[in-house]
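# Results of the structural survey
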Amino acid sequence: MSYPLVCLGNPLLDLQVDVEPEYLSKYGLKENDAILAEEKHFPIYEEVLKKSGLKTVAGGAAQNTARGAQYILPPKSVVYFGSVGKDVYADKLNEANEQYGLRTEYQIQEEIATGKCAALINGPHRSLVTDLAAANHFKVDHLEKPENWAIVENAKYYYIGGFHLTVSPPAIEKLGKHAAENNKVFALNFSAPFIPQFFKDPLASSLPYVDFVIANESEAAAYAETQGLSVDSKDVVAIAKEVAKLPKANNKRQRTVVFTQGTDPTVTVTYNESTKEFDVKEYAVRKLEENKITDTNGAGDAFAAGFIAALVEGKDIAQAVHEGQWAASLSIQEVGPSFPFPKQTYTA
Ligand code: 26A
């Protein structure tokens, strides 16, 4: 019995609260962003823990995608790697993962707390401030343990949260190499604008392995600006073309770049290396009525979950985008990066 999908990322517990715009400005936060906490942000955690209406929900971007993909796929389909502490936060993550049937192979830190993310919700926006803690201590040697490497070898799809580029580029490279050498599917999410901005080199080193890039419009713009591309940073198709045609380690697979844009159409660009042609597609998003939206925390991760689950199911890119959009619409109707129970099933 082997698990077809392996995911890698930073396991976090989300401390989710509603805030006013003034609270964001007090800490110099943008309304829609994800950042690593600096010293000046640390009081936020104390403050949110005291706020009424606090919700603690399992988070960590790639872990959300892993849970979502397992929600969709048959039992025993997804294994997630990351690093946590030994505390009540880790207990909460384990509880959520069990509910979804997600198998985790955590690297456990004896002395370091599980990571947390203050998810500051302001209407349809979410500002995420993360203290990685134990998540920051994931090491490639955890993947290299024979029992874990067997899981990797038995899988056929790999999904990496770009956020993990801040933690263990060697682990990402190891999985990427394995995927390329064995003609397996490797997907990477840009995760947040600060990844292409400040983790430019590790991102550049991992991109040759990537068959599917998944990102949103602000991450695409950050990529274009940081790379100094001579394209309009709002022109997602032009940016996707630039990313799609970057060199690949495995030329047996074309690269597809998938850019979501909130309620604007999802764009996919696939580059055909032999003809030098791009296949560009746009997929409209079915807008949910506003009163059905609970919050957008985890919407992008849910999209990625539906997308990658569909690939695992053997579906094509168009179907994968539709399944991704469906998963995102389910998740934004729940609190945080969650899915509804009893389980819903996707019908094309
Ligand atoms: C390294 N950073 C900043 C992060 C994250 C993160 N997951 C991994 N690494 N910052 C926020 N998140 C998660 O993103 C989800 C929404 O997409 C949050 O935990 C939240 O669940």
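Note that this is a predicted model, so its numbers are computed, not measured. (Residues numbered from 1 in each chain as written. Predicted model: local features only at pLDDT ≥ 70, side-chain atom pairs only at ≥ 80, totals over all residues. Heavy atoms only, no water.)

### Digging into the site of the ligand
Near the ligand there are 19 residues, and of these Asp 14, Gly 60, Asn 64, Thr 130 and Asp 301 occur at the shortest range. One nitrogen or oxygen atom from the side chain of Asn 64 is found 2.9 Å from an oxygen atom belonging to the ligand. The fraction of the free accessible surface of the ligand (470 Å²) that becomes covered by protein chains is 97%. Elements represented by at least two residues in the shell around the ligand include exactly β2 (12–18), β3 (33–36), α3 (61–72) and β8 (125–131). Looking at the shell around the ligand residue by residue, the classes come out as 10 nonpolar, 7 polar and 2 charged. (Near = heavy atom within 4 Å. Polar contact = N/O pair within 3.5 Å; in protein donor to acceptor, adjacent residues only side chain to side chain. Areas by Shrake-Rupley, 256 points an atom, 1.4 Å probe, with all protein chains shown as cover. Helix = DSSP H or I, 4+ residues; strand = E, 2+ residues; numbered from the N terminus. Nonpolar A, V, L, I, M, F, W, Y, C, P; charged D, E, K, R; others polar.)

### Structural notes on the UniProt feature "domain: Carbohydrate kinase PfkB" (unreviewed entry) in the chain
Per the UniProt record, "domain: Carbohydrate kinase PfkB" (unreviewed entry) is found at residues 23–343. Secondary structure over residues 23–343 splits into 39% helix and 23% strand, and the C-alpha atoms at its two ends are 36 Å apart. (UniProt positions renumbered as here; feature names shortened; annotations may be inferred.)

### A short note on the UniProt feature "active site" (unreviewed entry) in the chain
UniProt marks Asp 301 with the feature "active site" (unreviewed entry), using the numbering shown here. When you line up the elements, Asp 301 lands in helix α12 (residues 299–312). Under the relative-accessibility criterion, Asp 301 is labelled buried at 14%. Apart from residues no more than four positions distant in its own chain, Asp 301 is found in contact with Ala 61, Asn 64 and Thr 65. (Buried < 20%, exposed > 50% of the residue type's maximum accessible area, 1.4 Å probe, protein only. Contact = heavy atoms within 4.5 Å.)

### Some words on the packing of aromatic side chains
Under the defined criterion, the tally for this structure stands at 15 aromatic pairs. Here Phe 42 and Tyr 45 contribute two aromatic rings whose centre-to-centre distance is 6.5 Å and whose plane-to-plane angle is 35°, an arrangement assigned as tilted. Through pairs of rings, three or more aromatic residues link up here, namely Tyr 71, Tyr 100, Phe 339 and Phe 341. A cation sits over an aromatic face here: Lys 51 above Tyr 23, 4.6 Å from the ring centre. Of note, Lys 343 hangs over the ring of Tyr 71, and the distance from its end group to the ring centre comes to 5.4 Å. (Phe/Tyr/Trp six-rings, centres within 6.5 Å; stacked < 30°, edge-to-face > 60°. Lys NZ or Arg CZ within 6 Å of the ring centre and 35° of its normal.)

### Thoughts on the sheet that holds β3
Strands sit in the order β3-β8-β7-β2-β4 across an open sheet of 5 strands; the sheet is mixed. Of all strands in the sheet, those bounded by a partner on one side alone are β3 and β4 (55–59). For this sheet, the mean inter-axis angle between neighbouring strands, taken without regard to orientation, is 25°. With 7 bridges joining them, strand β7 (residues 115–122) and β8 adopt antiparallel strand pairing. Paired with Ala 119 across the strands is Leu 128, a residue of β8. Packing against the sheet, helix α2 (residues 43–50) makes contact with β2, β7 and β8, and its axis sits at approximately 65° to β7. Contacting β2 and β4, α3 runs over the sheet at an angle of about 80° to β4. (Pairing = 2+ DSSP bridges. Axes fitted to C-alpha atoms, helices over the stretch in contact; angles between N-to-C directions.)

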